[in-house]
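Structural description and commentary
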Amino acid sequence: MKQVHRQWRRVLAATGALALAAGLLSGCSGGGGTPLLTWYAMPDNGGAGARAQQCADASGGAYRVRLETLPNDATQQREQLVRRLAAGDSSIDVVSVDVVYTAEFANAGFLRPYTTDEQARLTAGMLPAPVETGMWKNTLYAVPFKSNAQLLWYRKSLAAAADVDPTSAGFTWDEMIKAAVGQSKKISEQGARYEGYMVWINALVLSGGGQILENADAGRDARPDLQSRAGEKAAEIIGNLARSTAPADLSTAKEEQGRATFQSDDGMFMLNWPYVLAAARSAVKEGNLPQSVVDDIGWARYPRVFPDMPSAPPLGGANLGIGNYSKHPDEAVALVECVNTLEKATQYMLDEGEPSPYAASYDDPEVRENYPNADLIRDSIAHGGPRPLTPFYVDVAGSVIQTWHPPDSVNAETPARTDQFMADVLSGRRLL
Amino acid sequence: MTTVETPSTREARGDIATSDRARGERRLGLYLTLPSYIVMILVTAYPLGYALVLSLYNYRLTDPGGRSFVWLQNYWVIITDPVWWNDFVTTLMITVITVAVELLLGFWFAFVMLRIIRGRGPLRTAILIPYGIVTVVSAFIWRYAFAIDSGFVNQWLALGGFNWFGDRWSAIFVICLSEIWKTTPFISLLLLAGLAQVPEDTQEAAKVDGATAWQRLYKVTLPNMKAAIMVALLFRTLDAWRIFDNPFVMTGGANNTETISFLAYRQNVTLVNLGMGSAVSVMLFLTVVVIAWIFVKGFKTDLSQVRGGQ
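Predicted model, so just to flag it, every value in this text is computed and none were measured. (Residues numbered from 1 in each chain as written. Chains lettered and ligands numbered in written order. Predicted model: local features only at pLDDT ≥ 70, side-chain atom pairs only at ≥ 80, totals over all residues. Heavy atoms only, no water.)

Our focus in this paragraph is the overall build of chain A. Each helix and strand in chain A was counted, giving 19 helices and twelve strands. Its C-alpha radius of gyration of 24 Å places chain A within 12% of the 22 Å reference for a compact globule of 432 residues. For chain A, the spread of C-alpha atoms along the principal axes amounts to about 85 × 55 × 55 Å. Out of the 432 residues belonging to chain A, those deemed buried represent 55%. For chain A, long-range pairs separated by at least 24 residues make up 75% of all intrachain contacts whose partners lie at least 6 apart in sequence. Per element, the accessible surface of chain A, about 17,700 Å² overall, is 51% carbon and sulfur. (Helix = DSSP H or I, 4+ residues; strand = E, 2+ residues; numbered from the N terminus. Rg over C-alpha atoms; globule rule 2.2 N^0.38 Å. Buried < 20%, exposed > 50% of the residue type's maximum accessible area, 1.4 Å probe, protein only. Contact = heavy atoms within 4.5 Å. Areas by Shrake-Rupley, 256 points an atom, 1.4 Å probe, with all protein chains shown as cover.)

Structure representation (structure tokens):
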């Protein structure tokens, strides 16, 4: 009998504790009338959180902000957000969305569209290319928070030895491969079976004047368009590079392996994001890299596919959307406007190394001091080519990566095979 | 009572249902299981029915407007697609290898646990510990052990830079190893329960009749624990057939190591392709039903007739 009593008491105590905890939790979110905005942000070194706090303090009690950090990996970020938003999660007020998923979220009705008035205010002074990634059917659904563009990095001494000038206007992939093979050195590019490979393929196709989807707006009915002059040339370049001596470990290489190869004695060319320069500098500071290597690094616009056609550098970055189920959309817009001012974006570029979507950021003296290639980054973003803005991006990218991997299997028939496979996947006739 | 009724004679007369005791037992059983029966209906039958309905649609969570009824097209796509069959073969390989090895190892462990006199407690604990570890954690342990950069296995075996996860069969080998390590305790525990039920006097009788140790095993022990073996095999086979954690953590499905559960996960969660994903899930469910049916028929054991006191 005693035993039973004690058990009952324990159950009661546990229930009481639970009730108390629930009360405390709800008390947290209720908090005295001031709306608490939740921002699902991408992980960084605290830059987003600090800016959100500044804005909350400056709002004069209009809102408070809580930061919810998303996973590291873009695929997992999307999975979490899709799950929450599909269930109508009203706790998502502001959300950071990778540029490639904005169309999908907008089409699904997950994001509250910005009004034309808000669009004008929020995107004033921004480069058009990143803004384009936040548009879906001529409406702004997500405003650029950070941007990015790949550059061509090269070792000046080796380029001189090969007698090529990567900064010259007409420098092409073919010339680059020839120069690297001639010097028995390496070209670092991302060819692993992941999104980075899609970034490369897309940039080649766009630089050649083509596109992966003919009418991305059409969603499921979009027509794949790789079987074209641009698509076939892209396949030729990737196949040639993969079967030459120039790549180190193309079929498994991601950004960081590429950077390691480029910094080694074998490195000659590298296609990579602007962070690599800062990373090389901090490697020098830590004593892992001689200063002479950093001094030898040059940069240029993404190489051309055809000599007479300007390249379309790969465009990256993230946008800020307003959750469609948010209970405080007006405050959320105010928060987005506040964290995304020119000054804050410029500071974010300095603190976190993520290029700003504002043209004027690159004229800032401190930015120019930290980024000797500031003008090139701005120019590359301005002419950057987005990956297909389609609600079925995961299927499109998946079909391309699956049929183009490993890179050394790519040949003249690959684009046609991709078109067929992608059309089948989009229409639900094949499993991805 | 002058005559002793055996169950078989009663069955032969066909009056088992009219026995008062059986009827009472049946009613009591029904009452006792009713609450869980209702809960089961709520938590399994409803989602299952919903999945069945969804599987007839071409439906993308992120494209609600594009939802359309396609009858059985999803199923047709799945069974004619190489992706499904590839995953099917992978799952089959993992299931056959792990269950076979685990059954042998499990028997050995069960015998040791039954017969050991000294140190019985510590031994049983030691055998059961792996089963207490969360599967994802054990998957990470094995992944790190075999990884190129942080692993010690390559160093121990002097394999240099061999990439275990870079090839289908070596990756499946590691996945199976981890699975066997983790779940052999489960199967041995079930077998131990079966072994303990084999009456000692039948063993002694066989011994008196001059049966060898092998004969006692095959003629006395194994037939007496048929139900336990079937339960162990059935549970483990179904578990292995639905394997997800190990391939997810170790390879992410690369190099043809994707399993059927993984495919369902990818369609449902990554691609949010709910129609196709539900169809894959239903197919997985059907394969599970087939496996269970084969076991129950193959062992000719009706678990509902295994009762105490008979």
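Next comes the rest of the account.
A few words on the sheet that holds strand 10 (residues 267-272) of chain A. Residue and element names in this part refer to chain A. Strand order in the open sheet formed by four strands is 9-10-8-11, with mixed pairing between adjacent strands. The open sheet has two edge strands with one neighbour each: strand 9 (186-188) and strand 11 (297-300). Looking at each pair of strands side by side, their axes are set apart by 20 degrees on average, direction ignored. Note that strand 8 (residues 151-155) and strand 10 share four bridges and pair antiparallel. Within the sheet, the bridge partner assigned to Tyr 154 lies in strand 10 and is Phe 269. Seen against the sheet, helix 8 (residues 173-183) touches strand 8, strand 9 and strand 10 and runs at an angle of roughly 150 degrees to strand 10. (Pairing = 2+ DSSP bridges. Axes fitted to C-alpha atoms, helices over the stretch in contact; angles between N-to-C directions.)

Omega for the bond connecting A:His405 with A:Pro406 falls within 30 degrees of zero, at -5 degrees, which places this linkage in the cis form. Note on placement: A:Pro406 falls in the loop between helix 18 (393-404) and helix 19 (414-426). Phi is positive for A:Asp163, which is not a glycine, with a value near 60 degrees. Positive phi values are uncommon outside glycine, yet B:Ala158 reaches one of about 55 degrees.

Glancing now at the interface of chain A and chain B. Chain A puts 21 residues into the contact, and the matching count from chain B is 23 residues. When the two sides are added together, the surface that chain A and chain B hide from each other amounts to roughly 1,800 Å², 51% of it contributed by carbon and sulfur. Taken together, the links from chain A to chain B amount to two salt bridges. Taking the shortest distance from any N to any O, the salt bridge between A:Arg430 and B:Asp81 comes out at 3.0 Å. For the side of chain A that touches chain B, the class distribution of residues is nine nonpolar, four polar and eight charged. (Buried area = accessible area lost by both parts, 1.4 Å probe. Salt bridge = Lys/Arg side-chain N within 4 Å of Asp/Glu carboxyl O. Nonpolar A, V, L, I, M, F, W, Y, C, P; charged D, E, K, R; others polar.)

Time to look at the state of the cysteines. Residue and element names in this part refer to chain A. Overall, the coordinates contain one disulfide over all chains when judged by the stated rule. The disulfide bridge from Cys 55 ends at Cys 338, spanning 2.0 Å between sulfur atoms. One disulfide, between Cys 55 and Cys 338, carries an S-S torsion of -95 degrees and so falls in the left-handed class. Of the two residues, Cys 55 sits in helix 2 (residues 47-58) while Cys 338 sits in helix 14 (residues 329-339), which places them 283 residues apart along the sequence. Like Cys 55, the residue Cys 338 is buried in the burial classification. (Disulfide = S-S within 2.5 Å.)

Now for the confidence of the model for chain B. Residue and element names in this part refer to chain B. Chain-level pLDDT for chain B is 88 on average; 91% of the residues reach the 70-or-more range. Across residues 1-14, where pLDDT falls below 50, the model places five contacts with residues more than four positions away in sequence or in other chains. What the predictor reports for the complex is a pTM of 0.82 with an ipTM of 0.78. (pLDDT = per-residue confidence, 0-100.)

Bringing the pattern of salt bridges into the picture now. Under the defined criterion, the tally for this structure stands at 29 salt bridges over all chains. Of the charged contacts in the structure, one is a salt bridge between A:Arg368 and A:Asp375, with a shortest N-O distance of 2.6 Å. Since its relative accessible area comes to 38%, A:Asp375 is described here as partly exposed. Look at the salt bridges and you will find they share partners, linking B:Glu102, B:Glu179, B:Arg236, B:Asp239 and B:Arg242 into a network.

Let us now look at helix 19 of chain A. Residues and elements named next belong to chain A. When the terminal C-alpha atoms of helix 19 are compared, their 18 Å separation across 13 residues agrees well with the 18 Å that a helix rising 1.5 Å per residue should span. Within helix 19, burial applies to Thr 414, Pro 415, Thr 418, Asp 419, Phe 421, Met 422, Asp 424, Val 425 and Leu 426. Of the surrounding elements, those touching the buried residues of helix 19 are helix 10 (229-243) and helix 18. A positive backbone phi angle near 80 degrees is found at Gly 428, which sits one or two residues after helix 19. (Expected span 1.5 Å × (residues − 1).)

Here we come to the packing of helix 11 (residues 255-263) of chain A against helix 12 (residues 275-285) of chain A. Residues and elements named next belong to chain A. Viewed as axis vectors pointing N to C, helix 11 and helix 12 meet at an angle of 55 degrees, and their least axial separation amounts to 11 Å. Taken together, helix 11 and helix 12 sit at an angle that is classed as oblique. You can see that helix 11 and helix 12 cross each other, and the crossing is right-handed. Residues Glu 255, Glu 256, Arg 259 and Gln 263 of helix 11 lie in contact with helix 12, whose contacting residues are Tyr 275, Val 276, Ala 279 and Ala 280. (Parallel < 35°, antiparallel > 145°, perpendicular 65-115°, else oblique. Left-handed = near helix turned anticlockwise from the far one by under 90°.)

Our next topic: the packing of aromatic side chains. Residue and element names in this part refer to chain B. Across all of its chains, the model carries 34 aromatic pairs over all chains by this definition. Summarising the aromatic geometry, the rings of Phe 146 and Trp 164 are spaced 4.9 Å apart at their centres and angled 80 degrees between planes, so their arrangement reads as edge-to-face. Of the two residues, Phe 146 is situated in helix 6 (residues 135-146) and Trp 164 in the loop between helix 7 (153-156) and helix 8 (168-197); the sequence distance between them amounts to 18 residues. Taken together, Trp 142, Phe 146, Phe 162, Trp 164, Phe 173 and Trp 181 form an aromatic cluster joined through their ring pairs. (Phe/Tyr/Trp six-rings, centres within 6.5 Å; stacked < 30°, edge-to-face > 60°.)

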